[in-house]
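Fold and contact review
Each chain is listed here by its residues.
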Amino acid sequence: MTRRLFGLMCVSAAAAALWAPAALAVRPQLCKWAAGSGATLELEGGCHEAHARPKTHGTPLGTVTSSQYTAKWGVATVDSGPHHLLGISLVHLTGSSAAIAYVKKRARLKILANGLVVASKGVIASWSHDTASCKNPPTGDCTNSDFEGLKGTWEVIVNVVGAPPGSPGAAEEENPTGEDDAQDLAQEELLRGPTVGVGMAILGGV
C-alpha cells in the first residue's frame, strides 16, 4: 500500500493543477463516502482523514498547485501477517484551462496504462491487482487491489490490502511447484468489486 499511495502523492504533486479553496462547495468526506462500498473489506479500526497543505509546482503551461485529501483504515502488522487496509488519496485539480488540459491528458494516459479499464460515464478509471507472500497460513498470500480514477478536476487512488481467511497456528500448504495462479486470481477478484466501488463512491461524492 505504501508504494501505491506515495506513488500517487508524487505523481499528483508533479502533475496536479491549481487548487482554490473557494471552489470547494463541500470539503471531501472520504470516510463517509467510502463506508458503504468498503463494508465488505473486513477493515480493522476506525477511519482517519487528513488534508495536506496545497503545493505549487511548474508545468510547461504555467504554475500549478495541488491539494490532497487522504483517508486510511487499519494498521499494517509489524510481522507482515494478514491484515486488511484501505487507503484513499484524492487530489483536487483546478486552474487555467490550458494547464488543466495538460495535466488531465497525462493523468488519463497513466490511469489507462495502470490496469483493467473500469470507466463509466464521466469517469476515466482502471483497476489493477497483485498477490504476494505474507504470514497467512495455509495460503501464505495477501493481495493488493488498486483503483485509479479521474473525474473532472479530481483524481483518486484507492488501495486495498486484503487476505483470505487464514487458520491461526496452521502450517503453510506444501506447494513444490510454486504455482497457485488460480488461487491468487480468485483472491484478487474478490477485492475487485469493493475496491472499484470505493473509488466510484469517492468520485461520485465530488
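1. Looking at the overall build of the protein chain
Along the backbone of the protein chain there are four helices and eight strands. Along the protein chain, helices and strands appear, N-terminal first, in the series α-α-β-β-β-β-α-β-β-β-β-α. Considering the protein chain as a whole, with its 206 residues, one finds that 45% of them fall into the buried category. The long-range fraction of contacts in the protein chain, counting pairs at least 24 apart against all pairs at least 6 apart in sequence, stands at 68%.

2. Regarding the confidence of the model for the protein chain
Put simply, the protein chain has an average pLDDT of 76, and 74% of its residues get 70 or more. Predicted confidence is poor over residues 1–23, with pLDDT under 50, and the contacts of this stretch with residues over four places away or in other chains come to 65 contacts.

3. Some details on the environment of glutamate 188
Summarising the element assignment, glutamate 188 is placed in helix 4 (residues 181–205). Distance from glutamate 188 to alanine 163, taken between C-alpha atoms, is 9.5 Å for residues 25 residues apart in sequence. Excluding residues that lie within four positions of it along the chain, glutamate 188 makes contacts with Trp127, His129, Asp130, Thr131 and Thr143.

4. Regarding the nonpolar core
If you look at the biggest cluster of nonpolar residues, it comprises 25 residues, and the most contacted ones within it are Leu30, Leu86, Ile88, Phe147, Val156, Val158 and Ile202. For this core, the elements supplying multiple residues, two or more each, are helix 2 (30–35), strand 3 (62–73), strand 4 (85–92), strand 6 (124–133), strand 8 (154–162) and helix 4. At five residues, the largest contribution of residues to this core is made by helix 4. Those residues in contact with phenylalanine 147 that lie beyond four places of it in its chain are Val118, Ala125, Ser126, Val156, Ile157, Val158, Thr195, Val196, Gly199, Met200 and Leu203. Judged by nonpolar contacts, the second largest core, of six residues, contains Val91, Leu93, Ala107 and Leu150.

5. Considering the pairing of strand 7 (residues 141–151)
Most of strand 7 is tucked away: 10 of the 11 residues are buried. Taken together, the nine bridges between strand 7 and strand 8 define a ladder with antiparallel strand orientation. Following the sheet pairing, glycine 149 is matched in strand 8 by valine 156. If you look at the hairpin formed by strand 7 and strand 8, you'll find two residues sitting between the two strands, and glycine 152 has a positive phi there, around 55°.

6. Overview of the pattern of salt bridges
Taken as a whole and judged by the stated rule, the model has two salt bridges. Among the salt bridges present, the one from lysine 110 reaches glutamate 148, with a minimum N-O distance of 2.7 Å. Of this pair, lysine 110 sits in helix 3 (residues 97–112) while glutamate 148 sits in strand 7, placing them 38 residues apart in sequence. Note on glutamate 148: relative accessible area 3%, which makes it buried.

7. A look at the state of the cysteines
Tallied over the entire structure, the rule returns one disulfide. Bridging cysteine 31 to cysteine 47, the disulfide has an S-S length of 1.8 Å. Measuring handedness by torsion sign, the sulfur bridge of cysteine 31 and cysteine 47 sits at about -75° and is left-handed. With cysteine 31 in helix 2 and cysteine 47 in strand 1 (residues 47–51), this pair connects stretches of sequence that are 16 residues apart. We classify cysteine 31 as buried; its relative accessible area is 17%. Given a relative accessible area of 24%, cysteine 47 falls into the partly exposed group.

Reading guide: rules and limits
- Residues numbered from 1 in each chain as written.
- Predicted model: local features only at pLDDT ≥ 70, side-chain atom pairs only at ≥ 80, totals over all residues.
- Heavy atoms only, no water.
- Helix = DSSP H or I, 4+ residues; strand = E, 2+ residues; numbered from the N terminus.
- Buried < 20%, exposed > 50% of the residue type's maximum accessible area, 1.4 Å probe, protein only.
- Contact = heavy atoms within 4.5 Å.
- pLDDT = per-residue confidence, 0-100.
- Core = buried A, V, L, I, M, F, W, Y, C linked by side-chain atoms within 4.5 Å.
- Pairing = 2+ DSSP bridges.
- Salt bridge = Lys/Arg side-chain N within 4 Å of Asp/Glu carboxyl O.
- Disulfide = S-S within 2.5 Å.

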